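# Chains, contacts and geometry: an overview
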Amino acid sequence: MGTILLGGSIMMFFNIPSILIVVGGTIASTMIAYPLADIMSIFKSGMKVFIFKIEQPEDIIANLVEISNKARKGGLLSIEGDIQTTPDPYLAQALQMTVDGVKTGDIAAIMQKKMALTKKKLDLGSDMFSSMGSYAPAFGMIGTLIGLVQMLANLDDPSSIGPKMAVAMITTFYGAVMANLFFIPMADKLTGRADLEITNMNIIFEGIISIREGEHPKLMEDKLKVYLAGGKGKEEEKK
């Protein structure tokens, strides 16, 4: 914005037909590529780029260690109260299966399947924004070609060539800006945040299996702390 203002008026970069080509074309391509139900979820994914709350891995580990100590002293039935108090439905379901005496292998299978489905859902928003990041520059080029065709069809007035060429190039500008300032960075941010959520789910998965198997709480804590080394890296780097 600063560079544009230093070089002239910002209105030089405002062209409604160019905006319609890039924005309309990107939306149309996305609607062709993805089911309508998935497209409706893009608004929720977009909000997640700016508003994101997640439980810290350290707090999850501390909670699991506390539950493990309780189960070790009072048995698995003693952790039934934690099912009602936990705000995480993934953890609540895992605790319920543990209290109900479901076999370790069955608990692991159900939790892994739910984790895979959650990851697929989380990756959807990132995939859509990434796709939009590839569509926008392409429609920028299409808009430029349209502008060039219109310009070459009216070469009778040489004085109009400059302004028409400028308008033709603005469409490429719009496509590049939309892709590299919005869609691709948003896809990257969602990927990083999805990684954090899956890391938390992995911590819960490992912790529940340890509790079900009756492992010592200290051993479980040491195993779970391995996730702390890489769980935050991507998100903190992006910040």
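Being a predicted model, the structure only gives us computed values, none of them experimental. (Residues numbered from 1 in each chain as written. Predicted model: local features only at pLDDT ≥ 70, side-chain atom pairs only at ≥ 80, totals over all residues. Heavy atoms only, no water.)

## Comments concerning the confidence of the model for the chain
Just so we agree on the cut-off: A residue's pLDDT is the predictor's confidence in that residue, given on a scale from 0 to 100. Going along the chain from the N terminus, every DSSP run of H or I of four or more residues is numbered as a helix, and every run of E of two or more is numbered as a strand. Any two residues whose heavy atoms approach within 4.5 Å at even a single point are treated as in contact.
Averaged over the chain, the pLDDT score is 88; the fraction of residues at 70 or greater is 96%. When pLDDT is averaged over each helix and strand of the chain, the minimum, 42, is found for helix α12 (residues 233–238) and the maximum, 94, for helix α7 (residues 89–99). Low pLDDT, under 50, characterises residues 231–239; the predicted model gives this stretch 14 contacts beyond four residues in sequence or across chains.

## A word on the environment of Lys225
Along the chain, Lys225 falls in the loop between α10 (217–224) and α11 (226–231). Sequence separation between Lys225 and Asp106 is 119 residues; the distance between their C-alpha atoms is 25 Å.

## With respect to the layout of surface pockets
To be explicit about the condition: Buried and open spaces are told apart on a 1 Å grid over the protein atoms alone, a cavity being a set of points where a 1.4 Å probe fits but cannot get out and a pocket being an open set with protein on both sides within 12 Å along at least five of seven lines. Residues with an atom within 4 Å of a point are the lining residues. Grid points are joined across faces, edges and corners, and a volume is the space filled by probe spheres set on the points. Residue classes follow a fixed rule: Ala, Val, Leu, Ile, Met, Phe, Trp, Tyr, Cys and Pro count as nonpolar, while Asp, Glu, Lys and Arg count as charged, and any other residue, Gly among them, counts as polar.
Of the pockets and cavities examined, the largest pocket occupies roughly 780 Å³. Together, 26 residues line the largest pocket, and Lys48, Thr118, Lys121, Leu122 and Glu197 are the ones closest to its centre. Among the elements that line the lining of the largest pocket, the one with the most residues is helix α9 (residues 161–213), at 7 residues. Across the lining of the largest pocket, the residue classes tally to 12 nonpolar, 5 polar and 9 charged.

## Thoughts on the pattern of salt bridges
If charged atoms from side chains of opposite charge come close, those side chains can pair. To keep it simple, the criterion reads: The salt bridge definition used is simple: a Lys or Arg side-chain nitrogen within 4 Å of an Asp or Glu carboxyl oxygen. Only protein chains enter the calculation, and the probe is 1.4 Å; a residue is then buried if its accessible area is under 20% of its type maximum, exposed if over 50%, and partly exposed in between.
Under the criterion given, the structure shown has 6 salt bridges. Glu221 is paired through a salt bridge with Lys225; the nearest N and O atoms lie 3.4 Å apart. Lys225 gets classed as partly exposed once you look at its relative accessible area, which sits at 40%.

## Re the nonpolar core
Soluble globular proteins tend to bury their nonpolar side chains together. Put simply, the rule is: Side-chain atoms within 4.5 Å link the members of a nonpolar core, which is a set of buried Ala, Val, Leu, Ile, Met, Phe, Trp, Tyr and Cys residues.
Ranked by size, the top nonpolar core spans 31 residues in total, and within it Leu64, Tyr90, Leu95, Met111, Ile204, Phe205 and Ile208 carry the most contacts. Mapped by element, the contributors of at least two residues to this core are α5 (57–74), α7, α8 (104–152), α9 and α10. Top contributing element to this core by residue count: α9, with 9 residues. Setting aside its immediate chain neighbours within four residues, Ile204 contacts Ile60, Leu64, Asp88, Tyr90, Leu91 and Met111. The next biggest cluster of nonpolar side chains, apart from the first, holds 18 residues, and it includes Ile170, Tyr174, Met178 and Ala187.

## So, a nonpolar patch on the surface
Put simply, the rule reads: The patches reported here contain residues having more than 30% relative accessible area and no salt bridge. Joining distances are 9 Å for like charges and 5 Å for nonpolar side chains (Val, Leu, Ile, Met, Phe, Trp, Tyr). Under the convention used here, a 1.4 Å probe and the Shrake-Rupley method define accessible areas, while residue burial counts only the protein chains that appear.
Nonpolar side chains collect at one region of the surface, where Met1, Leu5, Ile10, Met11, Phe14, Ile16 and Leu20 lie side by side and expose about 770 Å² of accessible area between them. Exposure remark for Leu20: the relative accessible area of 59% places this residue in the exposed category.

## Brief notes about the packing of α7 against α9
How we decide: Axis lines are fitted through C-alpha atoms, for helices just across the contact stretch, and the angle between N-to-C directions can take any value from 0 to 180 degrees. An angle below 35 degrees is read as roughly parallel, one above 145 as roughly antiparallel, one from 65 to 115 as roughly perpendicular, and any other as oblique. A clockwise turn of the near helix away from the far one marks a right-handed crossing, whereas an anticlockwise turn of less than a right angle marks a left-handed crossing.
Their axes nearest at 10 Å, the elements α7 and α9 cross at an angle of 15 degrees. Judged by the inter-axis angle, α7 sits roughly parallel to α9. Relative to α9, the crossing made by α7 is right-handed. When α7 is examined against α9, the residues Tyr90, Leu91, Ala94, Leu95 and Thr98 are found in contact with a partner set consisting of Met201, Ile204, Phe205, Ile208 and Arg212. When grouped by side-chain class, the residues that make up the contact of α7 with α9 number 8 nonpolar, 1 polar and 1 charged.

## What about the packing of helix α2 (residues 16–33) against α8?
Look at α2 against α8: their axes get within 8 Å of each other, and the N-to-C directions meet at 135 degrees. Regarding the angle of α2 to α8, the classification is oblique. Crossing of α2 against α8: the hand is right-handed. Here α2 contributes Ile21, Val22, Gly25, Thr26, Ser29, Thr30 and Ala33 to the contact with α8, which in turn contributes Met132, Tyr135, Ala136, Phe139, Gly140, Gly143 and Ile146.

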